[in-house]
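# Chain and residue survey
Single-letter residue listing:
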Amino acid sequence: MSVTVPEPLWRHVPVRPDVERWATRRTRKRVLVVVHTVIAGQRLLDALREFEGDIRVQIFFTQAPDVFGNGVAEFLAHLGGLVLPWSQAVQTGFDLALAASYGSLHELHAPVVVLPHGAGHNKVTPAGQNGRTVARRGVYGLSRQRLVRDGAVVPEAIVLAHHEELTRLGHECPEALPVAEVVGDPCFDRIAASLSSRALYREALGAGTGQRLVLACSTWGTDSLLGQGWELLERLVAELPAEEYRIAALLHPHIWNAHGDWQVRTWLADLARAGLVLVSPYADWTGAVVAADYVVGDHGSVSLYGAMTGVPVLMAGRPDADVDPGSPLAELMSFAPRLRADRPLYHQLRRSAAACGAHRYERVAARITSEPGQFSRRMRALLYRKLRLRAPRRRAATEPARLPRTVRYDTPGRAATPW
């Protein structure tokens, strides 16, 4: 059940100039975490882990304006961080700001480090001008429209996952190249670190011995798996024998936040009673990818991450979704089999397993990051360099994914509180 979180009040401690009089710890640097959406907030947590144990740094959070801002207040309340209202955040100076989206960043009084909130930069979006859509489209996260304001590049640093993204950034926004830095991908690293414990993640999703786990992944929007209709989820549950298959659904947080938790749970209540497992959007989702025997996806990032696990990835949603043709996701979509409505799903899945071209998936997976296993080390180096602090001495290690959580239906048609 979603709860209404009141607008955060202006903070005096530890923000005001005479903070030493009121605060218990005297910190040297102040970092603002700018959370536009829940998915952006989840990605920022991967960077914030690099500050664990450093008593020199005070972390603040704020919710930036965004059309998909529903759920952010609850997300921040659950974290228990020090939250500033946006109106105060844009009037306060910080030593560094972190974001995983782009709206309103020019209003901040801080150097901004921008991370991607998905697997690289794959989607193409229309450019806007004075409230109107113009002809040219840009790659989300790499285009001039997102990165430049009044002729100047807004971010202090742009985090990339792969060296080939530098070339794509050069085509889209060459003036941003000097501030771009290839750091790696935290989700890639976490999935790779978790593969050896696959049985634990399968158990968390209720996959029994001998059962195959089908993970249906939907990004948001009308072109997505879910946006094209509920029929595929219904067919997966109805056509695949329950003794052989376990079906789980992983839905983009934007779906939950646009329609409301209660509504999504209600829409899927009948399927849940029939055996569908609904992965919670409020917990680490990467373990669900590790657990899967099949990934049924669309043009979202999870399909791309699925390519690194060695299992078949099958496509649904619109085949002509807005994807950059030079992206790794476009390459995956060019050869991954598409599920057909006129053929039994059971046979399509079995054929995909037999015809799975491992080398093609490996090639796509290699395009997700050119720095496998290095996100933690390289991200820490970047953050402390921007803060002009010596980084603490500790081993940079990637922790395995936490066990996925599922939405529990306490009574028919009624789910437990997600938090």
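Residues numbered from 1 in each chain as written. Predicted model: local features only at pLDDT ≥ 70, side-chain atom pairs only at ≥ 80, totals over all residues. Heavy atoms only, no water.

## Remarks on the overall build of the protein chain
Helix and strand counts for the protein chain come out as 17 helices and 18 strands. Burial statistics for the protein chain: of 419 residues in total, 53% are counted as buried. A separation threshold of at least 6 residues defines the contact pool for the protein chain, and within that pool the share at least 24 residues apart is 71%. About 19,200 Å² of surface is accessible on the protein chain, with carbon and sulfur atoms providing 50% of the total. (Helix = DSSP H or I, 4+ residues; strand = E, 2+ residues; numbered from the N terminus. Buried < 20%, exposed > 50% of the residue type's maximum accessible area, 1.4 Å probe, protein only. Contact = heavy atoms within 4.5 Å. Areas by Shrake-Rupley, 256 points an atom, 1.4 Å probe, with all protein chains shown as cover.)

## Description of the pattern of salt bridges
In the structure shown here, the tally under the stated rule is 20 salt bridges. One continuous salt-bridge network, built from bridges that share partners, spans Asp46, Arg49, Arg190 and Asp284. (Salt bridge = Lys/Arg side-chain N within 4 Å of Asp/Glu carboxyl O.)

## A word on the packing of aromatic side chains
Going through the model one piece at a time under the given rule, you end up with 9 aromatic pairs. Ring centres of Trp285 and Tyr305 lie 5.6 Å apart, and the angle between their planes is 45°; on these two criteria the pair is classed as tilted. Here Tyr305 lies in helix H13 (residues 301-306) and Trp285 lies in the loop between strand E14 (277-278) and helix H12 (286-291), a separation of 20 residues in the sequence. Side by side, Trp285 and Tyr305 carry an identical accessibility label, which is buried. (Phe/Tyr/Trp six-rings, centres within 6.5 Å; stacked < 30°, edge-to-face > 60°.)

## Some thoughts on the sheet that holds strand E15 (residues 294-297)
Hydrogen bonding along the main chain pairs the strands of a sheet, whether they run parallel or antiparallel. Strand order in this open sheet of 5 strands is E14-E13-E12-E15-E16, and the pairing throughout is parallel. What marks the edges here is a single partner per strand, and that holds for E14 and strand E16 (313-315). Pairing of strand E13 (residues 245-251) with E14 involves 2 bridges; the strand directions are parallel. Bridge assignment links Ala248 to a residue of E14, and that residue is Val277. (Pairing = 2+ DSSP bridges.)

## So, the nonpolar core
One recurring pattern in soluble globular proteins: nonpolar side chains tend to sit buried together. Core analysis: the biggest nonpolar cluster contains 41 residues, and Leu205, Leu215, Trp285, Leu304, Tyr305, Leu332 and Tyr361 have the highest contact counts within it. Among the secondary structure elements, those contributing two or more residues to this core are helix H6 (186-194), strand E12 (212-218), E13, H12, H13, E16, helix H14 (328-335) and helix H16 (358-365). Per element, the largest residue contribution to this core is 5 residues, and it comes from H14. Once you skip the residues sitting within four places of it in the chain, Tyr305 turns out to touch Arg43, Gly118, Ala119, Asp185, Cys187, Phe188, Ile191, Trp285, Val289 and Ile368. (Core = buried A, V, L, I, M, F, W, Y, C linked by side-chain atoms within 4.5 Å.)

## Observations concerning the side chain of Asp46
One can find Asp46 in helix H1 (residues 38-48). In this structure Asp46 comes out as buried when scored by relative accessible area, which is 6%. Polar contacts involving the side chain of Asp46 include one to the side chain of Arg190, which spans 2.8 Å. (Polar contact = N/O pair within 3.5 Å; in protein donor to acceptor, adjacent residues only side chain to side chain.)

## Here we look at the pairing of E12
Most of E12 is tucked away, with 6 of its 7 residues classed as buried. Alignment of E12 against E13, held across 7 bridges, turns out to be parallel. From the neighbouring strand, Arg212 faces E13, where its bridge partner is Tyr245. This β-α-β element, E12 to helix H8 (residues 231-239) to E13, shows right-handed connectivity. (Right-handed = clockwise from strand over helix to strand, strands pointing away.)

## As for the sheet that holds strand E11 (residues 180-182)
Within the open sheet, the 7 strands sit side by side as E3-E2-E1-E4-E5-E10-E11. Their pairing is parallel. Where the open sheet ends on each side, the last strands, each with one partner, are strand E3 (83-84) and E11. Where strand E1 (residues 29-35) meets strand E2 (residues 57-63), 7 bridges bridge the pair, whose relative direction is parallel. The partner of Val35 across the bridge, within E2, is Gln63. Each of E1, E2 and strand E4 (96-99) is contacted by H1, which is oriented at about 155° to E1, the strand it contacts most. (Axes fitted to C-alpha atoms, helices over the stretch in contact; angles between N-to-C directions.)

## Some points on the packing of H1 against helix H2 (residues 72-79)
Between H1 and H2, the shortest axis-to-axis distance is 9 Å and the interhelical angle comes to 30°. In terms of their interaxial angle, H1 and H2 are classed as roughly parallel. The two elements H1 and H2 cross, and the hand of that crossing is right-handed. From H1, Val38, Gly41, Gln42 and Leu45 reach across to H2, where they touch Val72, Phe75 and Leu79. (Parallel < 35°, antiparallel > 145°, perpendicular 65-115°, else oblique. Left-handed = near helix turned anticlockwise from the far one by under 90°.)

## Brief notes about unusual backbone geometry
The backbone of Ser104 shows a phi angle near 65°, a positive value even though the residue is not glycine. Mapping Ser104 onto the fold places it in the loop between E4 and strand E5 (112-114). With a phi angle near 60°, Arg388 is a residue other than glycine that sits in the positive phi range. Within the fold, Arg388 resides in the loop between helix H17 (375-387) and strand E17 (409-411).

## Section: the environment of Arg378
Within the secondary structure, Arg378 sits in helix H17. Since its relative accessible area comes to 24%, Arg378 is described here as partly exposed. Here the alpha-carbon distance between Arg378 and Gly184, two residues 194 residues apart in the chain, equals 7.6 Å. Discounting chain neighbours no more than four positions away, the residues touching Arg378 are Val182, Val183 and Glu371.

## Remarks on the side chain of Gln211
Counting through the fold element by element, Gln211 comes out in the loop between helix H7 (198-204) and E12. Setting aside anything within four residues of it in sequence, one finds Gln211 in contact with Arg202, Gly206, Ala242, Glu243, Glu244, Tyr245, Arg246 and Asp293.

## Points about H17
Each turn of an α-helix holds 3.6 residues, which means side chains three or four residues apart point in the same direction. The end-to-end C-alpha separation of H17 is 18 Å, in line with the 18 Å expected for 13 residues at 1.5 Å each. Within the sequence span of H17, burial applies to Phe375, Ser376, Met379, Arg380, Leu382, Leu383, Tyr384 and Leu387. Immediately downstream of H17, the backbone of Arg388 shows phi near 60°, a positive value. (Expected span 1.5 Å × (residues − 1).)

Keep in mind these values describe shape, not function.
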